[in-house]
Amino acid sequence: MMSALRLLLLLPLLAAATAAGLRPESLAEIDDAIQQAVTDARTPGAVFRMERNGTVYQKAYGDRMILPKREVMTADTIFDAASLTKVVATTAAVMKLVESGKLDVEAPLSRYLPEFTGAGKEAITIRQLLTHSSGLRAGLPPDGDWQGKDAAYRLACAEPLPAPPGKAYRYSDINFILLGLLVEKIAGEPLDVHCHKQIFAPLKMKDSGFRSLEPGDTRRIAPTTLMQDGQPLRGVVHDPTARRMGGVAGHAGLFTTAADLGRFARMMLNVGEFDGVRIFKPETVAAMTSVQSPPGLPRRGFGWDIDSPYAGPRGEIFPVGSYGHTGWTGTRIWIDPFSKTSTIFLSNRNHPDENGSVIPLQHELGTLAARAVEGFDFQKVPGALARDPAKRRPSARKPKDGPVLNGIDVLKRDAFRQLRGRKIGLITNPTGIDRQRNSSIDLLHAAPGVKLVALFSPEHGIRGDLDHEKIGDTTDEKTGLPVYSLYGERRTPSPEQLEGIDTLVFDLQDIGCRFYTYISTMANCMEAAGKAKVRFVVLDRVNPIGPLVEGPVLTAERSFVAAHEIPLRHGMTAGELARLIHAERKFGTDLGVIRCEGGSPLRWFDATGLPWRDPSPNMRSLTAATLYPGVGLLEFCKLSVGRGTGTPFELLGAPYVDDLKLAAELNRDAVPGVRFVPVRFTPESSVFQGEECRGVRILLTDRNAFRAADLGLLLAVTLHRLHPEELALDRMAKLLGDAATLDAIRAGKPQAEIRTIRDRGLAAFLKRRGPHLLYPR
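We now turn to the structure provided with this report. Everything numeric in this text was worked out from a predicted model, so none of it was measured.

1. A word on helix H16 (residues 574–585)
Along an α-helix, residues three or four apart share an orientation, since each turn contains 3.6 residues.
Then comes step 1: Taking 1.5 Å as the rise per residue, H16 with twelve residues should run 16 Å; its terminal C-alpha atoms sit 16 Å apart, in good agreement.
Then comes step 2: Burial analysis of H16 places ten of its twelve residues in the buried class, the great majority of the element.
Then comes step 3: For H16, every residue scored as buried is listed here: Ala 574, Gly 575, Glu 576, Leu 577, Ala 578, Arg 579, Leu 580, Ile 581, His 582 and Ala 583.
Then comes step 4: Two residues or fewer past H16, Lys 586 is found with a positive phi of approximately 55°.

Structural data, given as structure tokens:
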């Protein structure tokens, strides 16, 4: 969901949308889906527009250009519409000629273009061209050095006919190349001139039209693919056939904006009329948007898609009978006449190369847009067509239990394109590694198109081997980059340190416990990024102790060991926590999360297939991480929790403890999943250094039944009862983070009653975190 700050800034727009029957929470989901696509480099940016009952929701996302330099996307960006040309320009022009009696859709094309004969092509009708049932191939041959419309026409006339007209469906650019040439023949003027006079000018689509191969003013135009000279196509049509035809063709070449397409869609919903100007007769709109394809073939209108294999942007809710079209560059328009809703999504997903893809996003946006329609029952739509079960898309499935790719692995797999053109400050330590144990520092330093500017180190330092405070700034020996400590004189990057950086990247392995300080570092850096107008990207990682949530939720004052109002064991990944904290703290940061892929990141670490790297000097095993939220609660008390031994957090004791009695008491109360063995140990460092401690070794016998918060409660209750003076229970307050729970322990209340007090905030937390989750539970 969008951050609270962005939601606040959009309140006037959302209020108007609500008045028009659009759900703000669904619009926020649309915002989130597109932002995630930008973060994942599926497109550098986009503009989304939704209109219902005359009220518009429109927003720009990301960048319109990333190479050779970055430009922020704006709502008035002009896009290469690609195949939207087929419906917004060519189909519209054809149907205007039909209305005037100059064309007959049932007539063969050869009546108007007599050279189009041979191999049975003389039987192809204009209807079959409009419905992609002509039998022609998908496109003209890409080879050769031909240029111009006459050459394109000769090639089209020489085309074979793989299937008889009217008997097969094949989406074909040739169909609309021919229709564009037909319009020019009948109208007696170029297609671009005719469309401007008949369609764009009457609709006041001031930014829409075809462009010559001379780019001219390109300041607002979203570029597409980088060419061999390193410069992107900008203001020149991306489609190579349309380029050979001079930039004006029936299948591609239109440039337009979301606002202009919104005017076109409004005209279609108003059955051909716009602001008192009639563009089409109502029966013409009906013909274009009702099924015109032969029986048994995918359902299409004249030009418009209704229920073909390319109708994914309809989503799962808009009825069959709504209509739209897509474009190669990442564009789409979808119009639902039943709810009077139009949705437009424009992107340049093939900038800087063809690796971007928005096909799944288009489908998701269709579903979300329909959910945003308030007060309309899509299950009871008179006149809607039945959906074809064979075309139903499978519902989303939970991730398989296979190997997990952390964010850095996803970034590496994608050749770092998510950060291309960025100047990076990296917040990391030795846990920032990929599946092959390559350091994120080294990977980003060598990444093509990425400039690593500086490193920022959390508690324990950039190499993770320091277990003290006041860690100073250094220089990384391998890369020569400055290393700024975030656990010394400052806990937050200074404005000076962020100079020359446009993106902070966070890659640290959290362990799923509130008082583990890496989340505090993340929150501090995210806030600093917001103030400095620097993008913040989390390379997400697994939560090694899984999705379980245990209280208490923090009610005390925030601190470095209490970053936010979350439970002791939060059951979230760092990326999910970043989204929650960002939204609730209103940082206003440009936040992105490169998600984990593959198997679920919410499993025990040893089920992920990932290599273990100690997250900190004393976090030496998964067992230690599992016990830590419980044992660590008492770390500020007068106890050793095993630091300075070979098994930190698996030992607990003090010189004043009777180890035999403590083990017996703890085993008697039987917390599921653990047993206690009386032991004596001497820490080599930390609390009670060099002194013999008597206490227990904690044996984890069933980690799935184990509850760390219950262990912490049992230890606190038992030790306070046995050693009320020596323990110094009040020191537990900072890590426990809830005064009511501590009061109940101090008062000696039954553990069942204490658990009820402790867990009272969990239900509200689960509701709070819901919109910010990235992975199925």
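2. Some points on the packing of aromatic side chains
Then comes step 1: Per the stated rule, a full pass over the model turns up 13 aromatic pairs.
Then comes step 2: Where Phe 318 meets Phe 378, the ring centres are 5.5 Å apart and the plane angle is 85°; that geometry is what we call edge-to-face. Residue Phe 318 is located in the loop between strand S10 (305–307) and strand S11 (323–327), and its partner Phe 378 is located in the loop between helix H12 (359–371) and strand S14 (404–405); the two are separated by 60 residues in the primary sequence. Like Phe 378, Phe 318 is buried.
Then comes step 3: Measuring from centroid to centroid gives 5.1 Å for Phe 515 and Tyr 628, while their planes differ by 65°, and the two rings are edge-to-face. Note that Phe 515 is positioned in the loop between strand S19 (503–507) and helix H15 (518–532) and Tyr 628 in helix H17 (residues 622–631), a separation of 113 residues in sequence. Just as Phe 515 is buried, Tyr 628 falls in that class too.
Then comes step 4: In textbook terms, an aromatic cluster arises when at least three aromatic residues are bridged by ring pairs, as seen for Phe 515, Tyr 516, Tyr 518, Tyr 628 and Phe 649.
Then comes step 5: In this arrangement the basic side chain of Lys 121 is found over the ring face of Phe 116, its NZ or CZ atom lying 5.8 Å from the centre.
Then comes step 6: Against the face of Phe 560 rests Arg 491, its NZ or CZ located 4.2 Å from the ring centre.

3. Regarding helix H4 (residues 84–99)
Then comes step 1: The terminal C-alpha atoms of H4, which comprises 16 residues, lie 21 Å apart, in line with the 22 Å expected from a rise of 1.5 Å per residue.
Then comes step 2: Along H4, the sharpest change in direction is near 30° and occurs at Thr 90.
Then comes step 3: Most of H4 sits inside the fold, with 14 of its 16 residues counted as buried.
Then comes step 4: Just beyond H4, the residue with positive phi is Gly 101, at close to 80°.

Conventions we followed
- Residues numbered from 1 in each chain as written.
- Predicted model: local features only at pLDDT ≥ 70, side-chain atom pairs only at ≥ 80, totals over all residues.
- Heavy atoms only, no water.
- Helix = DSSP H or I, 4+ residues; strand = E, 2+ residues; numbered from the N terminus.
- Expected span 1.5 Å × (residues − 1).
- Buried < 20%, exposed > 50% of the residue type's maximum accessible area, 1.4 Å probe, protein only.
- Phe/Tyr/Trp six-rings, centres within 6.5 Å; stacked < 30°, edge-to-face > 60°.
- Lys NZ or Arg CZ within 6 Å of the ring centre and 35° of its normal.
- Bend = angle between axes of the 7 residues up to and from the residue.

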